[in-house]
Amino acid sequence: MNLLKNTKLLFVALLSLSPLLQAKAQTFAGKQIKFNIFSSTPIEDIKAVSYTGVAVLVAQKQELSMQLMIKSFEFDKKLMQEHFNENYMESDKYPLAKFKGIIEPKIDWTKDGEYNVTAKGTLLVHGVSQGRTINGKITIKNKIVSLDATFNVACAAHQIKIPSLMFTKIAETIQVKVQGNLNPLN
Amino acid sequence: MNKTKLFIFFILLCALLAMRASAQEVDSLLNSLSVDQQFNKVAATFKSTHIVLSNSTETQKKRDLDLRIRHHFGDIGGEFGNAHTLYGLDVATDLFIGLDYGVTDNLTVGIGRSKHDELFNLLVKQKLLQQQTVGMPINLTLFAQLGLVAREPFAANEFASYNDRLSYLIQPILSRKFSSSLSLQVMPALLIRSKTLGSADPENLLSLGFAGRMKLNRRLSFIAEYTLVNELSRSELAGDLYNPLGVGLEIETGGHIFSLNFMNSEYINENSFIPSTKKSWKDGGVRFGFTISRNFSLFKSKNKNQDTKSTIY
């Protein structure tokens, strides 16, 4: 009798674990997400890139999280890179940029396909969080999820101060492009 | 029997905890994927390659040329100052023009010329250690400078041989950025000369400098430095000569650095101000001085990477 009861309990216990295992099977992660930033004014175009962004996608919840070290941005001119970190992003104080959002519409992550989606969530840059809805494209092929999105970040919205002296060289709105592949975690 | 029960409850508990933790799990997963070790260099301990008078641990970036113009005015007070010289502004005790070039991000070579003694200087600066957020706690830069006095001799025998015109400075510079606003530096130095002020003044002169920067905001810093020299190897001369002490404000505007300084040293170059500062902060010997530094990026970069290729129209 007792044995039967215990077996039942064990069954319940294992059952309660099962959605967890399933959720794990449906988590995708990528660690070489490419972030391009682009500033354009009539006087100067500035480009920089980071190849080391990371992303995690919890498929069941359609939840996408991305994270990036500000110091990983590479510029052609090293002095410009230093000014970017020291004067504008203050990357000693705010080392990370983050995005966390829910992807819509609902996607069947097991099927190959291409989807135009929106991700609604919060963008954290320079220690300031902003609610954002970002449009992008998701491609699923051979269980690999590819992200591709372009959006704008207004410096003022994240309290990144650009002195009026530099307005001619640095745009008030920076274009950000995200590209990368996420592999399923087992 | 009890063991089995315990085991089952343990599993249930795990499941419960795992469900609660799943939100944090994403964050810890993100952090575990992140490769921060690669980007843990502590950059910009100082904004400029110089502090008030001395060099800092910073070197020029690769292919960047720094044009530096420096000026030291006359005594603000005392016998040579006051209103008759507009508090020293009528007098230029020293002027300096110099060019520093970054051969690599860590190696800088430079040339300069001062009004005082018509001194030409050649310098090499090599960064040996770079501070990191985890690991290396300090910056170390080795600075070496050759000085050549180009002026006519004051007395017939002043420069009996050509070597008498030369002086050599070797200075290991150590610094640490303690926080984004506070950086401190220590720089022991050996100056080798052939012309001295007499038997009490050794040819091999030791000095020990201390410097610091306190950022007031992102572009404005308070800078200060002091060099201990007379008490180290020529204490008998401590009454006639003084240790250089300078304070200033440093303003950075993206490519330009201006500093507005007050110091007791008449001279600008290390090879001159370390051995022969004759003015004191007391008795009106302090003077105003400024530095203008402009950075130029030379040779259009051969960068073919479309991701970082920037354009100036």
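What counts and how
Residues numbered from 1 in each chain as written. Chains lettered and ligands numbered in written order. Predicted model: local features only at pLDDT ≥ 70, side-chain atom pairs only at ≥ 80, totals over all residues. Heavy atoms only, no water. UniProt positions renumbered as here; feature names shortened; annotations may be inferred. Helix = DSSP H or I, 4+ residues; strand = E, 2+ residues; numbered from the N terminus. Pairing = 2+ DSSP bridges. Contact = heavy atoms within 4.5 Å. Core = buried A, V, L, I, M, F, W, Y, C linked by side-chain atoms within 4.5 Å. Buried < 20%, exposed > 50% of the residue type's maximum accessible area, 1.4 Å probe, protein only. Polar contact = N/O pair within 3.5 Å; in protein donor to acceptor, adjacent residues only side chain to side chain. Phe/Tyr/Trp six-rings, centres within 6.5 Å; stacked < 30°, edge-to-face > 60°. Axes fitted to C-alpha atoms, helices over the stretch in contact; angles between N-to-C directions. Patch = residues over 30% accessible without salt bridge, like charges linked within 9 Å, V, L, I, M, F, W, Y side chains within 5 Å. Areas by Shrake-Rupley, 256 points an atom, 1.4 Å probe, with all protein chains shown as cover. Salt bridge = Lys/Arg side-chain N within 4 Å of Asp/Glu carboxyl O.

For chain B, an unreviewed UniProt entry supplies the name DUF5777 domain-containing protein and the organism Pedobacter insulae.

The name recorded for chain A in an unreviewed UniProt entry is YceI-like domain-containing protein, from Pedobacter insulae.

Caption draft 1: Representation of the UniProt feature "domain: DUF5777" (unreviewed entry) in chain B within the structure. Sites flagged by UniProt as "domain: DUF5777" (unreviewed entry) map to residues 46–296 of chain B. As annotated, residues 46–296 of chain B has a helix share of 3% and a strand share of 49%, and its two end C-alpha atoms lie 18 Å apart.

Caption draft 2: Fine view of the pairing of strand 12 (residues 287–297) of chain B. All names here are of chain B. Of the pairings in the sheet, the one linking strand 1 (residues 64–75) to strand 12 comprises 10 bridges and is antiparallel in character. Directly across from D75, in strand 12, lies its bridge partner R287. Where strand 11 (residues 256–263) lies against strand 12, 8 bridges are found, and the strand directions are antiparallel. Across the sheet, the residue bridging to S259 is T291, located in strand 12.

Caption draft 3: Looking closely at the environment of D283 of chain B. Residue placement: D283 of chain B occurs in the loop between helix 3 (270–273) and strand 12. Once residues within four sequence positions are removed from consideration, D283 of chain B is found in contact with G77 and G78 of chain B.

Caption draft 4: Looking closely at the nonpolar core. Residues and elements named next belong to chain A. By size, the foremost hydrophobic cluster in this structure holds 44 residues, and its most contacted members are I103, W109, I138, V145 and L182. Among the elements that line this core, the one with the most residues is strand 8 (residues 144–154), at 5 residues. Dropping the residues within four chain positions of it, V145 is found in contact with F28, L57, W109, I138, T139, I140, G180, N181 and L182.

Caption draft 5: Molecular detail of the side chain of T141 of chain B. All names here are of chain B. Among the structural elements, T141 can be located in strand 5 (residues 139–149). Looking at T141, the relative accessible area reads 0%, which means it is buried. Within polar-contact distance, the side chain of T141 engages the backbone oxygen of T57 at 2.7 Å. Ignoring sequence-local partners within four residues, the contact set of T141 consists of T57, T59, K125, Q126, K127, L128, Q171, P172 and I173.

Caption draft 6: Main features of the packing of aromatic side chains. Inspection of every chain in the model, using the stated rule, returns 6 aromatic pairs over all chains. Judged by centre distance (5.8 Å) and plane angle (85°), the ring pair of F73 of chain A and F84 of chain A falls under edge-to-face. Separated by 11 residues along the polypeptide, F73 of chain A in the loop between strand 3 (63–69) and strand 4 (74–75) and F84 of chain A in helix 2 (residues 78–88) bring together distant segments of the chain. Here F73 of chain A matches F84 of chain A in class, with each residue buried. Judged by centre distance (6.1 Å) and plane angle (45°), the rings of F73 of chain B and F290 of chain B are tilted.

Caption draft 7: The sheet that holds strand 10 (residues 245–252) of chain B, seen in detail. Spatially, 12 strands are ordered 1-2-3-4-5-6-7-8-9-10-11-12 (chain B) in a closed barrel, and the strand pairing comes out antiparallel. Within the sheet, the average angular offset between the axes of one strand and its neighbour, ignoring direction, is 20°. Bridge count between strand 1 of chain B and strand 2 (residues 92–102) of chain B: 9 bridges; the pairing is antiparallel. Within strand 2 of chain B, the residue paired with H72 of chain B across the bridge is D94 of chain B. The strands touched by helix 2 of chain A within the sheet are strand 1, strand 6 (166–177), strand 8 (204–215), strand 10 and strand 12 of chain B, with strand 10 of chain B carrying the most contacts at an inclination of about 95°.

Caption draft 8: Looking closely at a nonpolar patch on the surface. A contiguous nonpolar patch, built from F178, L182, L184, M214, L216, F222, L249 and L260 of chain B and spanning about 670 Å² of accessible area, is present on the exposed surface. Within the fold, L184 of chain B resides in strand 7 (residues 182–193).

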